[in-house]
Each structure stands twice: as C-alpha cells, then as structure tokens.
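Now for the letters of each chain:
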Amino acid sequence: MVSLFYSHFPSNVQLNYKFTCSSSSSSSLSMILNFSRLPKNSLKMESLKDAAKLRSDFLQVLRSRRTAEVPLTIELGKPVVDPMYQENPKPTRSEAMESCLKAEISNLKDVLKEENFYLLTEEGTQGRLPVLLISMKESSQQRRPAIVFLHSTHKCKEWLRPLLEAYASRGYVAVAIDSRYHGERADSLTTYRDALVSAWKNGDTMPFIYDTAWDLVKLADYLTGRDDIDPFRIGITGESLGGMHAWFAAVADNRYSVVVPIIGVQGFQWAIDNDSWHARVSSIKPLFEAARIDLGKSEIDKEVVKKVWDRIAPGLASQFDAPHTVPIIAPRPLLILKGKEDPRCPLKGVEIPCERAKEVYKEFSCPDRFKVVAEPEIGHQMTCFMVKEASDWFDKYLK
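Residues numbered from 1 in each chain as written. Predicted model: local features only at pLDDT ≥ 70, side-chain atom pairs only at ≥ 80, totals over all residues. Heavy atoms only, no water.

**Focus: the pattern of salt bridges**
Link 1 in the chain: With the rule as written, the count across this model stands at 37 salt bridges.
Link 2 in the chain: Between Arg128 and Glu75 there is a salt bridge whose closest N-O contact spans 2.5 Å. Placement of Arg128 in strand 6 (residues 128–136) and of Glu75 in strand 4 (residues 69–76) is noted, with a sequence separation of 53 residues between them.
Link 3 in the chain: Among the residues examined, Arg128 registers a relative accessible area of 34% and is labelled partly exposed.
Link 4 in the chain: The class for Glu75 is partly exposed, based on a relative accessible area of 30%.
Link 5 in the chain: In this structure, Asp253 and Arg255 form a salt bridge, with 2.6 Å as the shortest nitrogen-oxygen distance. For the residue pair Asp253 and Arg255, the accessibility class agrees, reading buried in each case.
Link 6 in the chain: Bridged by salt links that share partners, the residues Arg66, Glu122, Arg180, Arg185, Asp211 and Asp215 form one connected network. (Salt bridge = Lys/Arg side-chain N within 4 Å of Asp/Glu carboxyl O. Helix = DSSP H or I, 4+ residues; strand = E, 2+ residues; numbered from the N terminus. Buried < 20%, exposed > 50% of the residue type's maximum accessible area, 1.4 Å probe, protein only.)

Shown next as structure tokens:
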C-alpha cells in the first residue's frame, strides 16, 4: 500500500491508495480514507464513516442485478459513421457545446488522437461498454488529467464530440461512453424505452441511472491504469441523464475527483411529496404508463411514481436520494449547475441536499469546493454559461 496526500482533500485527511486484483478486472485502484489524523470526536470522522457506509450499500445494490462479470478486457473498435439517436428527427448541433473554450491551434484536427474501443465488463450485449477517447498527440509520457463526459437521454457519445475536442485541445484526456441502451448499445428508436418497461415488469435490470453508474466504476478501473492519465485527476460531468450518471458515479466511486453534474441533481422523494414529479415522469412516460396499467390505476399518481422508482432503481427516492448522496461527495470539488426554472430538476427540491452538503464541506474546511449555480430564466437546458462554468471549475481543480 502506498500512502500519499491528495491536493483536493484537506490536509488532515489522509488517503491511502492500493492496487487490488480480482476476477472482474486485472487491477483496480482503490481509495481508502484514513481517519487516523482526525480527532476521535470529530464530525468529519462521522461524515467519512457515513459516506463509506452509504457508498458500500449503494455498490451492493449496483451489484445485485448484474449478469456474470468477466475479466475487464479491451476490444478495439472503429469510429461510428452513423450514430444512433433515439429521437426523430436526429439532433444536428449544440450551440452550448460548441461554445466550449478551445486552444488556438490552427491544425487541431491533425494533432488530435481518437481512440474507439469497448470495455468488456460482464456477460451479455450490455456488458460491452463503447468508449470514445480523444487526446492530443504528444511524444512526452507525462500523465494528464482526464474528464468523462456523459450524454443526455436518447443521445450518444458522438454527440459530445465538440466538448471532447475542446477539452483535448487544452491538454485533457477527454472520454465519453454510450450509456446503457443508448448509442452502440441500442438497435432501434425504442431500445431505451423498452429496457425501462422491461425493468419495471421483470425487476432484473436497472437501466435508469444505476446500470450506467456501474459501468462508470468499471471505466474508472480502466482509466486509472492508463499510462497517459493521472489517476488522481479524473473529473466527471454530464447533461440531464448524464448529469445523474455523473452524480451517482461520484457517489459510487471516489476516484472521480472533481464532479460537475449539469441539470441532473434533483430530489426524487421531494418531487413526490410536493407534487412536482410530472415533468420528470413525462420524459420517460411509457414506463409510467406501463406501471399505471399493471397497478390498475386510471391515471399516473404519486403512488405509481414511488413504486416505479423503488422497482427500477431501489433507494433512489429514499436512502440514495439527493439529501443523502450529494453530501458524501465531500470533500471532492462539486459544482452543481441548474436552470432556475427547470421543472424536471426543481431548484427547491435540492435546497435540503445542498444545505447539508454546505455543512459537510465546512466541516472539511473547504467550503469553496462546493458550489451551486442556478441560471435565471432557464428551464431544463444546458447553456453556454453552464459550459463555461464547468470548464472553469475543471481548470481550477484538475490543472
């Protein structure tokens, strides 16, 4: 075991890193918080212990519906010529992503290196994780910071290319994946919808958030083993569904050292209690319609919503909801970006989680590492402003 101090943690928290081998991957980097430098009665110690317990419980849920794991292996791929978008008409461009700061390099396309490959993590078609990685061609062997980018519902990793190229131009290793039942893991316009309905009916998969959160744990196994990536400087971000994936990946795996969920963090139980679930439900309505019918209801109500969350993502509206999971990301730098008028992720629904998180960051003497920005007059939309805020945050804490 190698002991070291990581700059993103306060000086009185020691981190021990160790490499472990298992049947599921050739090597993985585990991070263990060492409490020995904290006073025995410290609130920080209790926060760390609570976080470790919650993380362990969450990982147990993630493992509960896995197909058989296989040794983590790599299969080479090719650039996707015709990306799968599960919406019609297909999206064409994102002004927000195209606004991301790029280095001024005249022949940028020529000096970028693109890698397309698959990580084989478990049996079955969904156990084949498609990865797109873009970085600068460099002869030096210096390890660089990496950022994982996660797409929104019905899109795919190729949609994120403007962000990948912009960050790569600035010295990052930029990584994107297809989330479960999206992109190369989909074969029709209804693949994701069908997977959600199947999860409700059969209870054997967790396509909403959890299965992709597990993929991101396996992705961290891979990224921390690359020679060109600094394993202690890996950020994660995403938009909408991708923001939820970033949030829960950071809960599951503290190797994601800087976290920026965009229009993704929300209070699931708060939405049920405050009759504010309608916009979220409408985004994946066929799932809730199937549940309504099976439950013999004439309309979708809060009981239907609660039962769906409990069935397809156990704990999402209880022990793993935002009030409990947002604070345990501390003391890692966390920036939450939202639209002030977002009906799917209501601002009021994260007031309690954010207040709790503020207190925990204060306990760690690093209140500046937690920030929430709600852009006025913006609904469920990633904006140029949010892209810049995320970029500045990563530059501040990963460079």
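After presenting the structure, the write-up continues.
**Examining unusual backbone geometry**
Glycine aside, residues mostly have negative phi, and peptide bonds are mostly found in the trans state.
Link 1 in the chain: Here the bond from Asn88 into Pro89 is cis, since omega is 5 degrees, no more than 30 degrees from zero.
Link 2 in the chain: With respect to the helices and strands, the residue Pro89 is situated in the loop between strand 4 and helix 2 (95–98).
Link 3 in the chain: The step from Ala330 to Pro331 runs through a cis peptide bond, and the omega angle for that step is 5 degrees.
Link 4 in the chain: By secondary structure assignment, the location of Pro331 is in the loop between helix 12 (322–325) and strand 11 (334–339).

**Here we look at the confidence of the model for the protein chain**
Link 1 in the chain: Taken over all residues, the pLDDT of the protein chain has a mean of 90, while the share at 70 or more is 89%.
Link 2 in the chain: For residues 1–41, every residue scores under 50 in pLDDT, and the model assigns this stretch 101 contacts once sequence neighbours within four places are set aside. (pLDDT = per-residue confidence, 0-100. Contact = heavy atoms within 4.5 Å.)

**What about the environment of Arg55?**
Link 1 in the chain: Looking at the element boundaries, Arg55 is found in helix 1 (residues 43–63).
Link 2 in the chain: Spatially, the C-alpha atoms of Arg55 and Ile329 are 10.0 Å apart, while their sequence positions differ by 274 residues.
Link 3 in the chain: Once you skip the residues sitting within four places of it in the chain, Arg55 turns out to touch Ala250, Val251, Ala252, Asp253, Asn254, Ile328 and Arg332.
Link 4 in the chain: Engagement of the side chain of Arg55 in a polar contact is seen with the backbone oxygen of Val251, the distance being 2.7 Å. (Polar contact = N/O pair within 3.5 Å; in protein donor to acceptor, adjacent residues only side chain to side chain.)

**Describing the packing of aromatic side chains**
Link 1 in the chain: The tally for this structure, following the rule as stated, stands at 17 aromatic pairs.
Link 2 in the chain: With a centroid separation of 6.4 Å and an interplanar angle of 20 degrees, the aromatic rings of Trp247 and Phe268 are classed as stacked. Placement of the pair is Trp247 in helix 7 (residues 241–252) and Phe268 in helix 8 (residues 268–273), with a sequence separation of 21 residues. Phe268 shares its class with Trp247; the two are buried.
Link 3 in the chain: With a centroid separation of 5.3 Å and 20 degrees between ring planes, the pair formed by Tyr361 and Phe370 is classed as stacked.
Link 4 in the chain: Residue Tyr361 is classed as buried on the basis of its relative accessible area of 0%.
Link 5 in the chain: By the ring-pair criterion, three or more aromatic residues cluster together here, those being Phe58, Phe208, Tyr210, Trp247, Phe248, Phe268, Phe288, Trp309 and Phe320.
Link 6 in the chain: Note that Arg128 overlies the ring of Tyr118, its terminal NZ or CZ placed 3.7 Å from the centroid.
Link 7 in the chain: Across the ring face of Tyr167, the terminal group of Arg170 is positioned such that the distance to the ring centre comes to 4.6 Å. (Phe/Tyr/Trp six-rings, centres within 6.5 Å; stacked < 30°, edge-to-face > 60°. Lys NZ or Arg CZ within 6 Å of the ring centre and 35° of its normal.)

**Considering the nonpolar core**
Link 1 in the chain: The biggest cluster of nonpolar side chains holds 86 residues, and the ones touching the most others in it are Phe208, Tyr210, Leu219, Trp247, Phe288, Trp309 and Ile312.
Link 2 in the chain: Aside from chain neighbours lying at most four places away, what touches Tyr210 is Phe58, Val61, Leu62, Ala313, Pro314, Gly315, Leu316 and Phe320.
Link 3 in the chain: Met97, Leu164, Val373 and Tyr397 belong to the second-largest nonpolar core, a separate cluster that totals 38 residues. (Core = buried A, V, L, I, M, F, W, Y, C linked by side-chain atoms within 4.5 Å.)

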